Each structure stands twice: as structure tokens, then as C-alpha cells.
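These are the residues of each chain, in order.
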Amino acid sequence: MARVTWEKTDAAKDFLAQGRQTERLKFLVGGVILLGLVLYLAFSGTLLGARFFITIDEVLNDPQFAGQTVRATGVVLGDTIVIDESSDTTIITFTVATFPENHPNLAEALHIGATDPNATLMQVRAVGQPKPELLRHEAQAIMTGTLGPDGVFLADELNFKCPSRFEGDAPVMGQQDHPGMERLDNAS
Amino acid sequence: MLAELGLSSLLLALAASVIAVGAAVYAARTDNQRWLVSARNAAVITFPLLTVSTFALLAALMTEQYQMAYVWSVTDLDTPTLYRFTALWGSQAGSLLFWTWLMSLFVFGAILINWGRYPRLMPGVIAYTMATVAFFIGLSVFLENPFERWWLDPITGAITAAALVPAGMVVPPPQILAEQSQGLNPLLRHFGMIIHPPMLYLGFVGFVIPFAFAMAAMTSRDLSTGWIIATRRWSLVAWLFLSLGLILGGRWAYDVLGWGGYWGWDPVENAAFLPWLLGTAFIHSVMIQEKRGMLKVWNLVLIIGTFSMVLFATFATRSGLIESVHSFARSEIGLPMFLFWAAITGVSAYMILVRRREGLLKDDHPFTNILSRETLFVLNNVVFVALTLVIFWGSFGAPIISEMTTGTEVTIGVEYYNIVTPPLFILMYFLMGVAPLSAYGVTSLRRLGLNILYPAVITAFTLALLAVTGTTDPAALVGYGVTFLAGYVALWEVWRAAQARQRSKGESLPVAVLALFSRNRRRYGGYVVHLGVTVIGIGVIGSTLFQAQTERQLRVGESLVLQDYTLRYDGITLATAEDNREMTIADVTVLRGGQEIARLRPRIDDFNGMAMSIAGQHSTIENDVYVLLNDFREDTQAVRLWLYINPLVNLIWWGGLILIVGTLLGSWTADTTPQRQPAKPVKSARVGEGVAS
């Protein structure tokens, strides 16, 4: 019995190769469009969503951030906190002092910031936000918003941080808890 | 005693894992089976050793061993038993041990199950998995040791934590340690926290198995589909746990963080989402390699990318790189973790390049048609990768590059994600709908159009119905359109196949559907997963675009109105819970159309100065009435209540449940084990000695 074989003619081969090229072109065009879309989205999103995380001094004094939505941090001064709940919308105002940078201990940094007589101060106002549980004296405020023409920072978003008793410390022994300390005290 | 037991087991586990790596590498280089058996034994013993360590720590938590610094930092005298248990993962050191233990469990299972089936891959699998396990045990031993104890210097009164007794130091008075113990962070005292971290960890660590098989395949040059078949279930299981972890994390945020939402595009949340995105792409694209022998490089890139993202997420969460509600405190493990991540990613990428150059990763077929199923799968993969890249850029890329180039830190707000992700999610849902209707090889536009006709018509009808009933927001209609299309296609495919069975076999519809699911669980389980993702999508669109919210200060008897709901404030209850937290509870009644539908008790829990708002919720499929107590004034007994109406939010949790069922169905397939692999010709004279199967 004769063996039947089928071979592609040159014309068929050319046709297939041409088809593959067309498909490849489609893939290429599709890929470029998708890549362009992603890059455009990422670029425009970054422009709109990027917030410089700056100090209070920069918010108040650096003209490049004027009118921009920025993120800033400061130490809350407790006696300036006013929460107006008389209307339908809560209005929170308080003043923050410069937050000392690069301090390893949060509690100490907050205390230094709150008691520094030379610290820059900035008034903050937030409208229509829930009363933050951690808004208190010597809390670290992390605020997103814009500096108004009156020098008051209008915060769209407020976050607060306090030294937590749930993080990091070690137990402390009083004199009565270890005889050695007593001996040392007596000796001196 | 428990500290000594846990520490010695941990040290032995470290030794065993290092031996496993060394023996596996030596076995791979010399083809010596006895060394491979040694490697296996060392790898397998690591899990029981870590089990002893983990249970020693758990026992210490349960029995209030406050001399152990970890127990002291995460529990106190008031901690209930349940939270003593969850305290195991309540802070860095314990959580790291728990994480490593889970990883060793996966490795233990994978080695025992696959030992006889994939002998050529085993040296690589053992080497890569155990190197990862050894690294994490090393972190526990040297940098975050959960078995450190407090020691008192009797001369100075200084207290330090150390694993071994420092010279001249004594045990501090136990009652002082107990009184000063810190207790569990209140944010972690929630039912969701019992399940969310273990699920997330299981999802993370589970991907070490497919990663190790992929690397083993490249190392052994056995780049057939064996590694894919071997890891299919492991990938699905890891993906399932990761999905569960993300959903439960969302639920925890919704219940505990008190802002009415479940996803805030927080960098650490995003870090957990990134491996999920790449893992999802991987479990889709492996199907193309199995069926058509294509996408070999792509699949390797995806699984290595997934595991790389797992390591990066772990680094980001545990190093203190990002400050977040989800992250641990700043830690010394940051640098070693970063170096490990960079090394694993770099070595893996290099291996792919080498094997590609050697011509071992050539696809069996070229892409021939832009509408073929494989092309649409790849396109969907590209969307997943694009989502990964843009989310990575927003969470880590832009802040890090800005700090490096300008010296000013930049954070990317939620606006970025609201612009960037919706078009990609729309494309993802659209392709999720279209791809299953396409055929492998070649599909014409006409055929694809005919296949999609009925689901498209039903989708159009649904959208018309929505428009008529008041949903006219174009963004919502586009979102619902692609989401419903994906869901209808899944249902249509099941319906069409069941109809065909009814015609050919004369079966009733339920019998035909059951037969479909029992014969091809992978495919139809996949459709159930798609249905779950559809339901989640509907919930996300509804709760994001149509959330309504108001707030007001109320005195007893006063009401607050939002849409057709009325919230009446009935009074306040002050109470102290068993764990000594002070609770301020508002009693409120929810009315709709004048009819009482629920009584809610939103509250503020005060944990000795750290307060948390716990919402009162009335949940239905239609919406959640979500009430937060924001403030209470003792003088007037007035409260400030925030009321949210979150439409369709519960569909997210229900969709998650459907997704889980679908994944379980899909991974419960008939055994697809290939024929036993021929063992590689062995140079050593000791061929086959001691090989167990």
C-alpha cells in the first residue's frame, strides 16, 4: 500500500509565515498599548497621590509646598485641643509643635517637642472627622492636608501615635525588689 | 524548663536544617543516594523539632511563665485563655517561630508525599526549602529569640533579656514580673486575629513548595511539566490560605479599626496582596504549560516572583520598613531579611536566564492567534502582573526612590490606587469572562462572539434592570457590567455542559451538574472560584461607590436619619470586662420605615489608656448598618454616633466563602501523578542504596 504523505507547498508555508507575522504584529501592538496604559495610569496616579512627608517648618516656610497636599508630623499640645461638636459636623482644632527628628525613643521625643520653647508651632483644623481616640497631649500627629492662607493647616486625614505600653519595654525593679541596690545605696 | 526545652529544640532544628541543605547539595553534585536519604531525614526531623519549640512556647504562654520575655510582653494576669493562645503570633519573636514551624510543616508534607514520585527533583527541593527554613530558624535563634528570659543584675538592679544565664545574674522576683507584664496589644484581641494571621502565614509559607520545585527543576535540568504537576495542589492550597488570610484581614479591619472600611491600601496590606496577584496569575498560566507546553519561562518567572513577593512582604512587615497597623515594631532582622530576599530573587532570575540560554525553556508551540485561550490567559496574566507592579510602585517603589533621589519621603495616598487599579480590575474581570469561552490554538472572533452572546445578553438585561432601579452611575455600570459578565459566563459554561450531558446521557439537570463536577473538578471548581470573585467584585463596587455616612451628637431619645434608616439613641451602659477593659456601650435602636429592625451596641473599649471603637452592625445581604460610638460626655450623657450604610458589603465575605468552596473543589482532583520518573543515572557505586519511597 502506498504511503500517503502531505507536505506543505511553498505557497502554504509563505501563507503561514505571513499569518504568524501578522499575529506577532498584533501581539506587539497590543503589548505596547497595554504598557502605555499602565505607564500612563502609574504616572498620573503618582502625580495625584504623592504626598511629600515634610516637617512643620517646611509646611510653613518652604514655598515649593504652598498649596500642595502634604503629609506632616508634629507633637500635639494638649491645652490647645478644642473639639466642637455643637453642629452636625465635628470640628477639631489643636496646635502641633515640631517633632524632633531621629530620636530613638518616641516618648522622649514627644516630651522634648512639647516642651521646647523654640519649637515652631502650627495650628491644625479638621472638619468632619471622627474624634481620634489618641488625640491627647504629647501624642504624635501625622496629618495629611493643605496649609490655608490663614496659616492654619486643614487636615483631610489625621492619625495619632502614642508611646504604647504594649511595645518594647522591660520590667523595672524597685529598690525593695533586689537587695543589691539597697546595699549600694547604704554604701553611698 | 520550657525555655530550655524550646531553645534546645530550636538549636537542633537549626542544625538539622543546615545538615539537610548540605547533604542535599552534596547528593545533587555526586548523585549519591545515601546522602540524599540523609538530607531527607534531616529535613523531615526539622518539623518535629520545631513542633517541640512551638509547643514549649505555647505551654509557657498558657502557664504564665513571665520570666520568659516574650510571654511577659504579650500576656498579663488578665489575659483570657483564648488570647494566651493567639499571643503565640502576637509579636515578632513568637510569630516568627510560628511562621517557621508552619513552613517546616509544608516542607515535611511535600517531601514525604513526593519523595518516591520525583526522585530527580528531590535534592533541589530539599536544598531550597530547607535553606529557607534554616534562614528563618537562624533569625529566631540569633535575632528574635522567643526563649529569652529576664535576668536581674543584683548589684545594679538592671534587667536584661538573654537566652542563656548571663554571669552573675539571677532570676527576677516572679511576682514583680507578673505585675508588670504588658499584655496583648488590644488590636489583636479579636476573633479575626485568631484565624487571620495563621491563614496568611499558611498562604505565604505554602508557596515555598512550588518555588522549590521550580528551582529544583532548573537545577536538575528536568524542565518537563513534572514540577508543575507536582506542585499544582500545593500552589492551590497556598493560594487558598492566602485568599482566606486576605479576606479575614479585611473583615478584621472592618470590625476592629473603626473606619467603616475593609481595605485601606495600606503598604503592608498591599504587601500581602502582591503575592496573591502573582500567585493567581501562576495558577492560571500553568494550565497552558500542562495543555500546550507553552509559557515555560513565564511560569518560572511567576512562581519565583510570587515567592519573592512573599519574602518581600515578610521583610516589609517585620523589618519596620513601613509603619502600619499591621506591621511589627522596628527590628534588627531587616537587613538579613533584605539580603536573603535579594539573594533568592537574584539567584532565581539568574537560573532562568542560564536555562533559557541553554535552550531548555523553549515552548512546544508558538502563539498563533490573538483570540486563542492561551493568548487571553497570557493577557490576563499581564494584567495581574501590571497590578502587581503598580501596587508595588505605590507602596514601596515611589517612596524608596523619592527618599533616595530627593532626600524627602513621599507617601502615596489612596487617590493613586483609585486611579490606577480600577481600569486594570475592569480588564481583569472582562478577560475572566471572555477567556474561558475561547479555544486552545485558534478561535475566530465570530465563534467567540457566538459563545459570549447569551452571557452578554443576560448582562445587558441586568444592567438595564439596575439602571431602571436607580443605579445610573456610569462607573458603577461599567464595573457591574464586566463583573456580572464574568459570573454569567461561569454559570453559562456549567449550564451549557450540563445541557449537553442531559441530551447525550438523558440525565436530569442536578445529576448532570453533579457528574460534571465529579468528572472535571478542576475546571468546574475554577468556575465556582470565578463566581466567588464575581460576588466579591459586586460587593466591592457596591460598598465603595454607594457608601453613605453621617454623624451627629445625640442625647438620650434623639435620633439620626440616613437614607430610610433611623438610629435612636436609647442610653449608655458602662461596664468592666473580664480582662479589665472599661467598656462604654451605647444602646441604639435601628428603625426602617418606622419599624424596629435591630438593636445595636457600638462601644468603646479602653485598655488602660488605649481605646478602640468596636462597631455595632446590622448585616443583611442588601447592606450593613454600621454604627460607631465616637464620643461620650458624662455630664450630658450625650454620645457622638457615626452611621454608615455599606451597601452589598456582606457579599465580599459570602464571595470569599464561595471562592474557598471552589478552590477546594478544584484542588480535589483525581490523581494526576505522572508515571514514576526514571531515576537519573547514578555515577556512584552505591546505586539505590537506602532509597525509600
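Residues numbered from 1 in each chain as written. Chains lettered and ligands numbered in written order. Predicted model: local features only at pLDDT ≥ 70, side-chain atom pairs only at ≥ 80, totals over all residues. Heavy atoms only, no water.

Things to note about helix α3 (residues 106–115) of chain A
Residue and element names in this part refer to chain A.
Thought 1: Within the sequence span of α3, burial applies to A109, L110, G113 and A114. All buried residues of α3 lie within an arc of 125 degrees about the axis, which places them on one face of the element.
Thought 2: Buried residues along α3 sit in contact with β2 (70–84), β3 (91–98), β5 (140–147) and β6 (152–161). (Buried < 20%, exposed > 50% of the residue type's maximum accessible area, 1.4 Å probe, protein only. Helix = DSSP H or I, 4+ residues; strand = E, 2+ residues; numbered from the N terminus. Arc of directions from axis to C-beta. Contact = heavy atoms within 4.5 Å.)

Let's talk about the domain arrangement of chain B
Thought 1: The domain boundaries assigned to chain B delineate domain 1 (1–184), domain 2 (444–546 + 651–667) and domain 3 (548–647).
Thought 2: Here domain 1 of chain B and domain 3 of chain B have C-alpha centroids that lie 44 Å from each other. (Domains from an automatic or database assignment.)

Points about the pairing of strand β7 (residues 582–592) of chain B
Residue and element names in this part refer to chain B.
Thought 1: Among the 11 residues of β7, 8 are classified as buried, and the element is accordingly described as predominantly covered.
Thought 2: In textbook terms, the turn of a hairpin is the stretch between consecutive antiparallel strands, and for strand β6 (residues 565–576) and β7 this stretch comprises 5 residues, one of which, N580, has a positive phi near 75 degrees.
Thought 3: Where β7 lies against strand β9 (residues 603–607), 4 bridges are found, and the strand directions are antiparallel. What sits directly across from M583, in β9, is D605.
Thought 4: Sheet topology places β7 next to strand β8 (residues 595–600); 5 bridges connect them, and they run antiparallel. (Pairing = 2+ DSSP bridges.)

Examining the nonpolar core
Thought 1: I126(B), F136(B), F213(B) and W227(B) are the most contacted members of the largest nonpolar core, which has 186 residues in total.
Thought 2: The contacts of F136(B), once residues within four sequence positions are left out, are L96(B), W99(B), T100(B), M103(B), L311(B), T314(B), M337(B) and F340(B). (Core = buried A, V, L, I, M, F, W, Y, C linked by side-chain atoms within 4.5 Å.)

A look at a nonpolar patch on the surface
All names here are of chain A.
Thought 1: A cluster of nonpolar side chains, contributed by L25, L28, V29, V32 and I33, occupies part of the molecular surface with about 500 Å² of accessible area.
Thought 2: Tracing the sequence through the fold places L25 in helix α1 (residues 10–49).
Thought 3: Take L25: its relative accessible area is 53%, and that puts it in the exposed class. (Patch = residues over 30% accessible without salt bridge, like charges linked within 9 Å, V, L, I, M, F, W, Y side chains within 5 Å. Areas by Shrake-Rupley, 256 points an atom, 1.4 Å probe, with all protein chains shown as cover. Salt bridge = Lys/Arg side-chain N within 4 Å of Asp/Glu carboxyl O.)

Focus on the sheet that holds strand β4 (residues 548–554) of chain B
Residues and elements named next belong to chain B.
Thought 1: In spatial order, the strands read β4-β13-β12-β11; together these 4 strands make up an open sheet with antiparallel pairing. Where the open sheet ends on each side, the last strands, each with one partner, are β4 and β11 (616–619). The sheet shows a mean angle of 15 degrees between the axes of neighbouring strands, direction not considered.
Thought 2: Pairing geometry for strand β12 (residues 623–633) and strand β13 (residues 638–647), over 10 bridges, is antiparallel. Across the sheet, the residue bridging to L629 is L641, located in β13. (Axes fitted to C-alpha atoms, helices over the stretch in contact; angles between N-to-C directions.)

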